[in-house]
Amino acid sequence: MPSRTPSQPRPIRKTNGTIIPPTPTKFKLAMPAPTVSLTQDAEWCVVHLDGEWRQIRFHDYATLFSIPGLYEEVIYRALHCESPAVVVGLLADHLESVDEDIKDMRVLDLGAGNGIVGQRLRRFGAERIVGVDIIDEAREAAERDRPAAYDHYVVADLTDLTDAKRAELREQRLNCLVCVAALGFGDIPPEAFTGALDLIADDGWIAFNIKEDFLESDDDTGFAGLLRKMERDGELKIERRRRYRHRLGTDLQPLHYVAMIARKMG
Ligand SMILES: C[S@@+](CC[C@H](N)C(=O)[O-])C[C@H]1O[C@@H](n2cnc3c(N)ncnc32)[C@H](O)[C@@H]1O
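Numbering of residues begins from 1 in every chain and follows the order in which that chain's sequence is written. Predicted model: local features are reported for residues with pLDDT of at least 70 only, side-chain atom pairs are reported and counted for 80 or more only, and whole-chain, interface and lining totals are derived from all residues. No hydrogens and no water enter the side-chain calculation; it runs on all heavy atoms of the structure.

**Section: the overall build of the protein chain**
Point 1. Note on conventions: DSSP H or I runs of at least 4 residues are helices, E runs of at least 2 residues are strands, and numbering of each starts at the N terminus. Helix and strand content of the protein chain: 8 helices and 12 strands.
Point 2. Its C-alpha atoms give the protein chain a radius of gyration of 18 Å, near enough to 18 Å, the size a compact globule of 266 residues would have.
Point 3. Partly exposed describes any residue whose relative accessible area lies between the buried limit of under 20% and the exposed limit of over 50%, with all areas from a 1.4 Å probe on protein chains only and scaled to the type maximum. Sorting the 266 residues of the protein chain into buried and exposed places 50% on the buried side.
Point 4. Accessible surface area values rest on a Shrake-Rupley calculation with a 1.4 Å probe, where residue burial reflects the displayed protein chains alone. Total accessible area on the protein chain is roughly 12600 Å²; 47% of this is exposed by carbon and sulfur atoms.
Point 5. Charge counting follows a simple rule: Lys and Arg are positive, Asp and Glu are negative, and His as well as the terminal groups are ignored. Charge positions are represented by NZ for Lys, CZ for Arg, CG for Asp and CD for Glu. Of the side-chain charges in the protein chain, 35 are positive and 44 negative, and the distance between the mean point of each set is 5 Å. Here the globule rule is a power law, 2.2 Å times the number of residues to the power 0.38, and the radius of gyration is based on C-alpha atoms.

**Regarding the side chain of His246**
Point 1. Looking at where His246 falls in the secondary structure, it is placed in strand E11 (residues 236-248).
Point 2. Contacts were defined at the residue level, with two residues in contact if any of their heavy atoms lie within 4.5 Å. Setting aside anything within four residues of it in sequence, one finds His246 in contact with Gln40, His80, Cys81, Glu82, Ser83, Ala181, Asn209, Leu255 and Tyr257.

**Here we look at the site of the ligand**
Point 1. In the neighbourhood of the ligand, 17 residues make up the surrounding shell, with Tyr71, Gly111, Asp133, Val180 and Ala181 lying closest.
Point 2. The contact in question runs from an oxygen atom of the ligand to an N or O atom on the side chain of Tyr76, over 3.2 Å.
Point 3. For the ligand, the protein covers 95% of the area, taking 590 Å² as the surface of the free molecule.
Point 4. Taken together, the elements giving at least two residues each to the shell around the ligand come down to helix H1 (61-66) and helix H2 (70-78).
Point 5. Charged means Asp, Glu, Lys or Arg here, nonpolar means Ala, Val, Leu, Ile, Met, Phe, Trp, Tyr, Cys or Pro, and polar covers whatever is left, Gly included. The residue makeup of the shell around the ligand, split by class, is 13 nonpolar, 2 polar and 2 charged. It suffices for a single heavy atom of a residue to lie within 4 Å of a molecule or strand for the residue to be listed as near it. In protein, a polar contact requires one atom able to donate a hydrogen and another able to accept it; more generally it is a pair of N or O atoms within 3.5 Å, and residues adjacent in sequence count only if both atoms are side-chain atoms.

**Observations concerning the packing of helix H3 (residues 83-97) against helix H4 (residues 116-124)**
Point 1. Helix axes are fitted to C-alpha atoms over the stretch in contact, other axes to C-alpha atoms as well, and angles between N-to-C directions run from 0 to 180 degrees. At a minimum axis separation of 10 Å, H3 and H4 run at an interaxial angle of 35 degrees. Note that H3 runs across H4; the crossing there is right-handed. Here Pro84, Ala85, Val88, Gly89 and Ala92 of H3 come into contact with H4, specifically with Ile116, Val117, Arg120, Leu121 and Phe124.
Point 2. The residue inventory of the contact of H3 with H4, partitioned by class, reads 8 nonpolar, 1 polar and 1 charged. When the near helix sits turned anticlockwise from the far one by under a right angle, the crossing is termed left-handed; a clockwise turn instead gives a right-handed crossing.

**Overview of the confidence of the model for the protein chain**
Point 1. The pLDDT value tells you how sure the predictor is about a given residue, anywhere from 0 up to 100. Mean pLDDT for the protein chain: 92, with 91% of residues reaching 70 or above.
Point 2. This stretch, residues 4-8, has a pLDDT under 50; its non-local contacts, to residues over four places away or in other chains, come to 11 contacts.

Given below as structure tokens:
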């Protein structure tokens, strides 16, 4: 198994130029050698736990979230993920520019995972924050690691919502959808995204990010076509776009995503 063990933690250079000094890691961790090129959904690490090395695929969220701190260590510290900060920051900035306030948002955080986005929304003062994810392990990790992040957290499949779960989510009177690092790649399909949009009030706000390749005309995830159609049909108005570095791949190459702020039209 080709792998590299980071011998020394490296400083983090943020895209805005800030340099964050390295902090010691509590994990013994290794990743594939940078010369190995993997698609994002095949990337993995090995971690030394209870006397043995375990290989974990990054997209095996149930396992990743069950080990406290591992998701943060791999995705945020080692691979420098910036997406929650970029997407939530862009939402707050855009709302301010149109004379609205994030403090009035009742947000559905789709693909909420262990709560990093919810925590950021909380810091910005969103009125209500509801997480939704398809796996129990995500809710358990959010409750364990960030108990104050969500007012409510629902485990559900939005492509096949029961009447009871739909009613539970409608009761939240949501007017904003946020979805970070969860579209495509066998994660959230277009039908789950539109299912979530249905739960948001007309004129509500949508903040999300997506890999830039998924916006190309030859994209086969269905998102490029869906967004074009929704814009053409006047269902969605995209008001802000920002291309940025989502994180590094294990080959240390930048993975570029586009963050978007859109409005759900009546
Ligand atoms: C990369 S994680 C992102 C977590 C969090 N948004 C963040 O930025 O840290 C993707 C999340 O999407 C969730 N997910 C995947 N498919 C989903 C689906 N169909 N419906 C809801 N959540 C889904 C996964 O369980 C996982 O928690």
